[in-house]
Amino acid sequence: MQTGRFITFEGTEGAGKSTQIPLLKAWLESQGKTVITTREPGGTPLSEKIRGLLLNDDMTAETELLLMFAARKEHIEQVIQPALLRGDWVLCDRFTEATYAYQAAGRAIDVSRIAYLEDWLQGTLRPDCTLWFDIDVAEGMARAEKRHALDRFEQEAMSFFDKVRSGYAEQAAKRPEQFKRIDAALSIDEITLQITKQLQPLL
């Protein structure tokens, strides 16, 4: 029986997820929790190899979707599920909600195909809480461009990321008990405070 908590971090490029994850890990550990941090695509040696393909190689939208779920299945079996069964908290930078935003809303893949893969490969596993870092697309991309050379996803047009942001907003509207919108335009400290307030009921 799963006794840990599964928290996912979502948002478009440059929203500040990677800055907040270690801060939240430290906060949860101060509350006596055992915490692991991980990411998607990635999290296992094989999944990290798939991540390299996804971020750098051209491919069809369908191939992209299937590779995402191939990496995810390994990640769930080897990292996420064992940690939750131990009673650990899992903080994951992106999960299936990103697939609905990027591959369904962004790439126009039928939602039913993603839902089928989600049910088949994840079973009943869903995040306990999804923190959606919402930020203006142009502002987020400006941040991303300052960080490093842009990968295949980050090189997409602004119109693509507008669709992705809309995809997150649609999911948040449908699942308010899971999705918690974080105003990612605020300062680092203000964002951390928003997150800790949202997660307090899960402690």
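Here the residue index of a chain counts from 1 through its sequence in written order. Residues qualify for local features only when their pLDDT is at least 70, as the model is predicted, and side-chain atom pairs are given and counted only at 80 or more; totals for whole chains, interfaces and linings, by contrast, use all residues. Neither water nor hydrogens contribute to the side-chain values; these are computed over all heavy atoms in the structure.

Q: Which residues make up the UniProt feature "binding site: ATP" (unreviewed entry) in the protein, and what are the values?
A: UniProt's entry tags Gly11, Thr12, Glu13, Gly14, Ala15, Gly16, Lys17 and Ser18 with the feature "binding site: ATP" (unreviewed entry), counted in the numbering of this structure. Checked against the lining of the largest pocket, the annotated residues just named reduce to Thr12, Glu13, Gly14, Ala15, Gly16, Lys17 and Ser18. On the secondary structure map, glycine 11 appears in strand 1 (residues 5-11). What glycine 11 contacts, discounting residues up to four positions off in sequence, is Lys17, Arg94, Tyr102, Trp132, Phe133 and Tyr168. Only DSSP runs of H or I reaching four residues or more are called helices, and only runs of E reaching two or more are called strands; each is numbered from the N terminus. With respect to the secondary-structure elements, serine 18 resides in helix 1 (residues 17-30). Since its relative accessible area comes to 48%, serine 18 is described here as partly exposed. UniProt positions are given in the numbering used here, feature names are shortened, and annotations may be inferred rather than shown by experiment. With a 1 Å grid laid over protein atoms only, a set of points is called a cavity when a 1.4 Å probe fits there but cannot get out and a pocket when it is open yet has protein on both sides within 12 Å along at least five of seven lines; lining residues have an atom within 4 Å of a point. Any two residues having at least one pair of non-hydrogen atoms within 4.5 Å are treated as being in contact. For the exposure calls, accessible area comes from a 1.4 Å probe over protein chains only, and a residue counts as buried if that area is under 20% of its type's maximum, exposed if over 50%, partly exposed in between.

Q: Kindly report on the environment of phenylalanine 6, identifying the contributing residues and their values.
A: Topologically, phenylalanine 6 is positioned in strand 1. When the C-alpha positions of phenylalanine 6 and cysteine 92 are compared, they lie 7.7 Å apart, and in sequence the two are 86 residues distant.

Q: Describe in detail the packing of aromatic side chains, supporting the description with residues and values.
A: Here a Phe, Tyr or Trp ring, Trp counted by its six-membered ring, pairs with any other such ring whose centre lies within 6.5 Å, and the pair is stacked when the planes are under 30 degrees apart, edge-to-face when over 60, and tilted otherwise. According to the stated counting rule, one finds 9 aromatic pairs in the structure shown. Residues tyrosine 116 and tryptophan 120 carry aromatic rings whose centres are separated by 6.1 Å and whose planes lie at 35 degrees to one another, so their mutual orientation is tilted. On the criterion of helical spacing, the pair formed by tyrosine 116 and tryptophan 120 is a turn pair, its members being 4 residues apart in helix 5 (residues 111-122). Here tyrosine 116 matches tryptophan 120 in class, with each residue exposed. An aromatic cluster is present here, built from Tyr102, Trp132, Phe153, Phe160, Phe161 and Tyr168 joined pairwise through their rings.

Q: Break down the environment of lysine 163 for me, citing the residues and quoting the values.
A: Among the structural elements, lysine 163 can be located in helix 7 (residues 158-174). The class for lysine 163 is partly exposed, based on a relative accessible area of 44%. Among residues more than four places away in sequence, those in contact with lysine 163 are Ala105 and Gly106.

Q: Go over helix 7, please, and point to the residues and values.
A: Here the expected length of a helix is defined as 1.5 Å per residue gap, with one fewer gap than residues. Over its 17 residues, helix 7 extends 25 Å from the first C-alpha to the last, a length consistent with the 24 Å expected when each residue adds 1.5 Å. Taken together, the buried positions of helix 7 are occupied by Phe160, Phe161, Val164, Gly167, Tyr168, Gln171 and Ala172. Taken down its axis, helix 7 places every buried residue within 135 degrees of arc, on the same side. Looking at helix 7, the residues exposed on the side facing more than 90 degrees away from the buried face are Ala173 and Lys174. Where helix 7 is buried, its residues contact strand 1, helix 4 (96-106), strand 4 (129-134), helix 6 (137-147) and strand 5 (179-183). Here, the arc refers to the directions that run from the helix axis to the C-beta atoms.

Q: Now, about the layout of surface pockets: what can you tell me, with residues and values included?
A: Grid points are joined across faces, edges and corners, and a volume is the space filled by probe spheres set on the points. The volume enclosed by the largest pocket comes to roughly 490 Å³. Taken together, 26 residues line the largest pocket, and the ones lying closest to its centre are Glu13, Lys17, Glu40, Arg51 and Arg94. Contributing elements (two or more residues each) for the lining of the largest pocket: helix 1, helix 2 (45-56), helix 3 (61-86) and helix 4. With 4 residues, helix 4 is the single largest residue contributor to the lining of the largest pocket. Broken down by class, the residue content of the lining of the largest pocket amounts to 8 nonpolar, 7 polar and 11 charged. Around the second largest pocket, the lining residues are Tyr100, Ala104, Ala105, Val111, Glu118, Gly167, Glu170, Gln171, Lys174 and Arg175. Looking at the lining of the second largest pocket, the elements that each hand over two or more residues are helix 4, helix 5 and helix 7. When residues in the lining of the second largest pocket are grouped by element, the largest group, 4 residues, is from helix 7. Gly is put with the polar residues, along with every residue not named as nonpolar or charged; the nonpolar set is Ala, Val, Leu, Ile, Met, Phe, Trp, Tyr, Cys and Pro, and the charged set is Asp, Glu, Lys and Arg.

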